[in-house]
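Chain by chain, the residues run as shown.
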Amino acid sequence: MTTFKTIADYSDLSPAQFFEKIVPNQEPVVIRGFAKHWPLVSAAKKSPNDFVAYLNKFYTGQKAKMVVAPPSAKKRFFYNDEMTDVNYVSGEERVDLFLGRLIELIDRKIYPAISMQNSLTSTILPGLIDDNRSEYFNTIEPRLWIGNEGIVSTHYDGSDNVACVIAGHRRFTLFPPEQTSNLYPGSLNFTPAGAPTSLVDLNNPDFKQYPRFKQALSEAYRAELAPGDAIFIPMLWWHHVESLDKVNALMNYWWNGSSAPTAVSPSPIDSLNIALLAMRDLTPTQRKAWRCMFDHYLFNQDVDPREYIPKHQHQILGDLSEDYVRSVKDYFIAKLKQ
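Okay, so let's go over this structure.

Description of the overall build of the protein chain
What the protein chain contains, in helices and strands, is 10 helices and 15 strands. In terms of overall dimensions, the protein chain is globule-like: its C-alpha atoms have a radius of gyration of 22 Å, near the 20 Å expected for 338 residues. The C-alpha extent of the protein chain, read off along each of the three principal axes, is 65 × 45 × 45 Å. Here the protein chain holds 338 residues, and the buried ones make up 42% of them. Contacts spanning at least 24 positions in sequence make up 78% of the contacts within the protein chain whose residues lie at least 6 apart. Averaging the coordinates of the 35 positive side-chain charges in the protein chain and doing the same for the 38 negative ones gives two points 4 Å apart.

Some points on unusual backbone geometry
The backbone of Met83 shows a phi angle near 60°, a positive value even though the residue is not glycine. One can find Met83 in the loop between β5 (76-77) and β6 (89-94).

Focus: the pattern of salt bridges
Considering all chains together, one arrives at 12 salt bridges under this definition. Arg94 is the partner of Asp96 in a salt bridge, and the nearest nitrogen-oxygen pair spans 2.8 Å. Its relative accessible area of 31% is what places Arg94 among the partly exposed residues. Residue Glu104 is joined to Arg108 by a salt bridge in which the shortest nitrogen-to-oxygen separation is 3.2 Å. Overall, the relative accessible area of 43% leaves Glu104 in the partly exposed class. Through salt bridges with shared partners, a single ionic network connects Asp9, Arg32 and Asp229.

How each quantity is defined
The residue numbering used here restarts from 1 in each chain and proceeds along that chain's sequence as written. At least 70 in pLDDT is required for a residue's local features to be given in this predicted model, at least 80 for side-chain atom pairs to be given and counted, and no such filter applies to totals for whole chains, interfaces and linings, which use all residues. Hydrogens and water molecules were not included; the side-chain quantities draw on all heavy atoms of the structure. Helix and strand assignments come from DSSP, with helices taken as H or I runs of at least 4 residues and strands as E runs of at least 2, each series counted from the N terminus. Atoms considered for the radius of gyration are the C-alpha atoms alone. The globule rule reads 2.2 Å times the number of residues to the power 0.38. Three labels apply to residues, based on accessible area from a 1.4 Å probe with only protein chains included: buried if under 20% of the type maximum, exposed if over 50%, partly exposed otherwise in between. Contacts are assigned to residue pairs with any non-hydrogen atoms lying within 4.5 Å of each other. Note that His is not counted, nor are the chain ends; the positive residues are Lys and Arg, and the negative ones are Asp and Glu. The atom standing in for a charge is NZ when the residue is Lys, CZ when it is Arg, CG when it is Asp and CD when it is Glu. A pair is scored as a salt bridge if a Lys or Arg side-chain nitrogen falls within 4 Å of a carboxyl oxygen belonging to Asp or Glu.

Here it is as structure tokens:
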């Protein structure tokens, strides 16, 4: 039986403490009671019907993205067996009809996994955030995720993430970025939900096919969240998420990185793809040499590559205006299109 590491747990954490002390460390934390004062959470704690009724107060008729996985998928949104497609279907549906279906499936013994994913609250439920605002994020609009029991396989985000459970319970299993190779990531460009995903089934791992996953498990963290609790998942930390109840919902905030409102192309994941294309034909010795270059200019934080260069010649290594950054990125994007 796997013994998971414990995530640091806070019950009284101010926004200042969070952004000044927690976020810079890039270690996950659980924030108990993050949204305990929200009317949305209070409604969810009463009953699934109260939760749905509260949401429908704000509904104006817009459709949202929905996904449905058949019972044979065993609640896991993933690839199909041949890895030629995904094991679920997606489309758009009225939110009120989706919520009604969610309630209808509660008493079923055999049922599909259904989920409304990554929805902007201002689009589908205008006014909801006015009643349920976080003091941590005054200007960032959260995303809404609602469904029944379901499993989102181990993946990472290109942004820091605060995910708040607002209905039901969710189990989070986290792996640090250093375990990437031991998680057997799938395709960068063909993914179940937009982010590269581990090919290992966390709940039924095949150690013969994926032997290094044992090492990843030895470094894994786990936490279970109730309504009102939140978890901080740092950028590039792999996370496996299980919705444990017939009615589950989550609100999350991405405020920097590739999911930031001000993010511009190319994103870090774009840059990874570009680097792979640029260096794929190099020999192992040449790649090792380029690794030294990347370490010097980017990754080795013990050495400042600017310290011996006059400040007026720091150029791309120095403080840059947004216009300059945009012009450099546009230049390289144009070169790629040639």
